[in-house]
Amino acid sequence: MKYLAILKDSLREAWDSWVLLGLLALSSLVILFAAQLSFKPQTAEKTMRYFFAQNMFQQPVMTEALNSRKPEKILGMRGNWSRFRLEKVELTRGEPDSPLSDYALIVAADGRGFGMGGNFIVPAIEVQGKGPVEKKKPVVDTKADIAQLRTLFEDAEEIGYIKIDAIEPIADDDGKGVPRYRVNLLSTPNTYRIWGTEPGVLFGLFTHEFFEIFAEPLGWRMYKLAQYIIAVGSWIAVLFGIVITSFFIPNMLRKGTIDLLLVKPISRWLLLTYKFLGGLTFIFLTTGYAIGGVWLVLGLRSGLWANGALLLIPSITFFFAILYAVSTFVGVVTRSVVASILLTIGAWVAFFGIGMVYRGIDLLEKLEKVEADRKEVDGQQPKLAEERWAGGWTFTTIKVIHAISPRTEDLNQLNDLIVYTDFMTGNLGNMNKFDNSNRSWWDSLLVSCIWIGIFLGLASAWFYWKDY
Amino acid sequence: MAVVETIDLQKRYGSIKALAGVTLNVKEGEIYGLLGQNGAGKTTLIKVLLGINGGWQGDARLLGERAGTPHVRSRVGYLPEDHNFPDYHTGYSLLDFYGELLGVAGAERRKRIPKILEQVGIADRMHYKIRTYSKGMKQRVGIGQALMHNPEVIFLDEPTDGVDPVGRRDIRGLLLDLKKRGSTIFINSHLLGEVELICDRVAILRKGTMLREGSVAALTRQKGRFLIGLAPGQVFPIAEVRNLGYDANPLDDRWEVHLLEDQSIDPVVDYLRAQGLHLRHLVEKRQSLEDLFLETHGDKTPDRERNRGRGEQSENIKVLDAIEEERRT
């Protein structure tokens, strides 16, 4: 009951400041924005084109979608996707343009692979002054082509979006010597998640061609949309939350106010803990409104119910708990709203910086490994340990700092992973398939919990011993 | 039973000794006033008793328990001096919030809050935000919240501060009413006249040390000094009374008779009656609490003396008259 009393008091205080109203209004706008979006399914041909590159410099949309969390894998593929071009899509079973149907893709291997190695056709060239030189004969290695072609679909097959029934060469019927292949794809109950979709606005009133530039596989489109909303929304929510809740503790500690609370039959540490939990509940409710609202309207509008994304509500609340613990500590010690806001934002920036730097070195390490593997395959000398970034003391220092500091950036990445996995597969059990980070999320949560405990413990100790 | 009891209570703020061995005892059902200049240690004493300030030495007990424990705090009401109620509350919601923290059930709160706010005189504004209240109204809300849970003892730090004369009278009435119902009230106040009117006992604190303690009557009595007033138009036979061996002097429209050792006032009264004079006023002279307070703090000039030169009747004489009037009725 006492907890509820303090919670109600915190909500009353936040409501009175109008910031809460602003936050709710902003959340409502985001929900309305999501609600007016529409998602129109594309044709089978447009969908299947996402498996192929538009040009030699651009990776296939599907490769990007399925490997967005593994940039080093894309690098490892060495651009071989640009060898293939989709010529035709044939319906082999079911309704046309339905994600429940099976399709056969006719693929021409007439492009040039971007990058080193691999099979590619060398086009005819002319050397100035020497006249036309002899056209080099294309090197055709059917086995290698089929293996490479399979790489374009294997990510989708691995997650269970499609099944590759067969990849077979087609007879050279145009006489130009361009190898062609027939790829038979079978649908699965999850195929609709990667089906091409074209967004529209104002409840489908405007689905102008302009929006086709935003057309992408459904799950990927929804993930990117949710990612923007959540990234921007959660930052704004946390910033508003910091501002609102920074008033709670200093206001409670004002002379003449704190006396009236300290004489109540409640211990000081419990009073502070309730005040902390009151702030968190406030954030939980506002985040719940925003995330729950976006989840609901996106589900209704797209038919893609990313229930796991609701985990973001406790996750963002936990993220905020780290910062609110800092704010509580600063508030108890300084009794200043301005100091609470500034130092909490400062801590947020510092934690973010540590997380980003760690993320950077994590990626660099992976890229170095890819490079080392490539050199090994090509028979080159790998880099010496002292030449590698990963072996240096800088990396070690950053890793140590990251290991012992609150992991707000890890939580950001975890949120991203949750949203991605849920929109792409609908099953958070697949998270590890998309997560190649060198960290344990449980470690991140534990270290952050310890920091929350440290900040709250210090604040409680100070509050306990202080005379008011 | 001692409701509040301290023995050699000491409290320091760094190098400053706020309480230097205070021993006091407040009995059940009495109104106890603590007087002292700013910084004398009055508020510190209350804060120690209520557990707001810790790190004290000596013994402090409240309602038979060690002072400051959460349990004993549930049995006391408190109005701090510089209260600062969250102004996003209304009078009603503030009492509801504090009542909930005190463990008063929801149904009981809904029943009690309007009654209490009626009692303190702001029922008609109970759903207005506190930020719209005047200082006096805030003071009334403060007293109301201190009564929220029917406390056994109530600590009021400057309860009539900022309240207009009518409001002060109402608060005095309320406190006397609470006393009648058995509540013990502990008051810190600068308004000595107020304290004198309602307190059974007072203590004077100076620099953390208890200088005087006792009932108001005992502390203000001036033994051997009587004030005599006669019926209108009658002349006090001052020379004859002096001849009887008494020291007599006019004081405003009355006469002050000073008894020497072993003298009684009875011979004077008998003489006046024998002369056919009608006594309208006879009271053992008391000094005002303010005089006592100033005397305790080193200012020996009584208030009456100071004001006489200006031809004014001091506030405290008025208070004394009021007390006498009250006692007569």
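Residues numbered from 1 in each chain as written. Chains lettered and ligands numbered in written order. Predicted model: local features only at pLDDT ≥ 70, side-chain atom pairs only at ≥ 80, totals over all residues. Heavy atoms only, no water.

**Student:** Help me out: how do you make sense of empty space enclosed by the protein in this one?
**Tutor:** A water-sized probe, rolled over the atoms, reveals where empty space remains. All chains considered together, the criterion is met by eight cavities of 30 Å³ or more. Reported here for the largest cavity is a volume of approximately 120 Å³. Surrounding the largest cavity, 15 residues form its lining, Asp 9, Met 252, Leu 261 and Lys 275 of chain A together with Tyr 88 of chain B being those nearest its centre. Of all the secondary structure elements, the ones that give two or more residues to the lining of the largest cavity are helix 1 (2-16), helix 8 (248-252) and helix 10 (268-302) of chain A together with helix 3 (91-101) of chain B. Across the lining of the largest cavity, the residue classes tally to nine nonpolar, two polar and four charged. Size it by volume and the second largest cavity reaches roughly 100 Å³. Every residue along the wall of the second largest cavity is listed here: Ala 226, Ile 230, Ile 291, Val 294, Trp 295, Leu 298, Gly 299, Leu 304, Ala 306, Ala 309 and Phe 423 of chain A. Every element with two or more residues in the lining of the second largest cavity is listed here: helix 7 (218-246) and helix 10 of chain A. Residue contributions to the lining of the second largest cavity peak at five residues, all from helix 10 of chain A. Here the lining of the second largest cavity is built from residues that sort into 10 nonpolar, one polar and no charged. (1 Å grid on protein atoms, 1.4 Å probe; cavity = no way out; pocket = protein on both sides within 12 Å on 5 of 7 lines; lining within 4 Å. Points joined across faces, edges and corners; volume = space filled by probe spheres on them. Helix = DSSP H or I, 4+ residues; strand = E, 2+ residues; numbered from the N terminus. Nonpolar A, V, L, I, M, F, W, Y, C, P; charged D, E, K, R; others polar.)

**Student:** Quick question: what am I supposed to make of the domain arrangement of chain A here?
**Tutor:** How big an interface is tends to be stated in terms of the accessible area lost upon association of its parts. Residue and element names in this part refer to chain A. Here the domain parsing of chain A yields domain 1 (2-40 + 217-465) and domain 2 (43-192). With 19 residues of domain 1 in contact, the opposing surface of domain 2 contributes 21 residues. Counting each side, the surface lost to burial between domain 1 and domain 2 is near 1,900 Å², with a carbon and sulfur contribution of 59%. At the junction of domain 1 and domain 2, the tally comes to zero salt bridges. Our enumeration of links across domain 1 and domain 2 arrives at two residue pairs in polar contact (both at pLDDT 80 or more). Of all the elements in the fold, those that place two or more residues in the side of domain 1 that touches domain 2 are helix 7, helix 12 (337-377), helix 14 (408-425) and helix 15 (431-434). When residues in the side of domain 1 that touches domain 2 are grouped by element, the largest group, six residues, is from helix 14. Of the residues belonging to the side of domain 1 that touches domain 2, the class tally is 11 nonpolar, three polar and five charged. (Domains from an automatic or database assignment. Contact = heavy atoms within 4.5 Å. Buried area = accessible area lost by both parts, 1.4 Å probe. Salt bridge = Lys/Arg side-chain N within 4 Å of Asp/Glu carboxyl O. Polar contact = N/O pair within 3.5 Å; in protein donor to acceptor, adjacent residues only side chain to side chain.)

**Student:** Help me understand the layout of surface pockets, please; the structure alone is not making it clear to me.
**Tutor:** All names here are of chain A. Roughly 710 Å³ of internal volume is contained in the largest pocket. Looking at the largest pocket, it is lined by 31 residues, and the ones nearest its centre are Arg 69, Gln 227, Arg 359, Gln 413 and Asp 416. Elements with a minimum of two residues in the lining of the largest pocket: helix 5 (71-77), helix 7, helix 12 and helix 14. Counting residues per element, the lining of the largest pocket draws most heavily on helix 7, which supplies eight residues. The residue inventory of the lining of the largest pocket, partitioned by class, reads 13 nonpolar, nine polar and nine charged. Lining the lining of the largest pocket are residues from two domains, each supplying at least three of them: domain 1 (2-40 + 217-465) and domain 2 (43-192).

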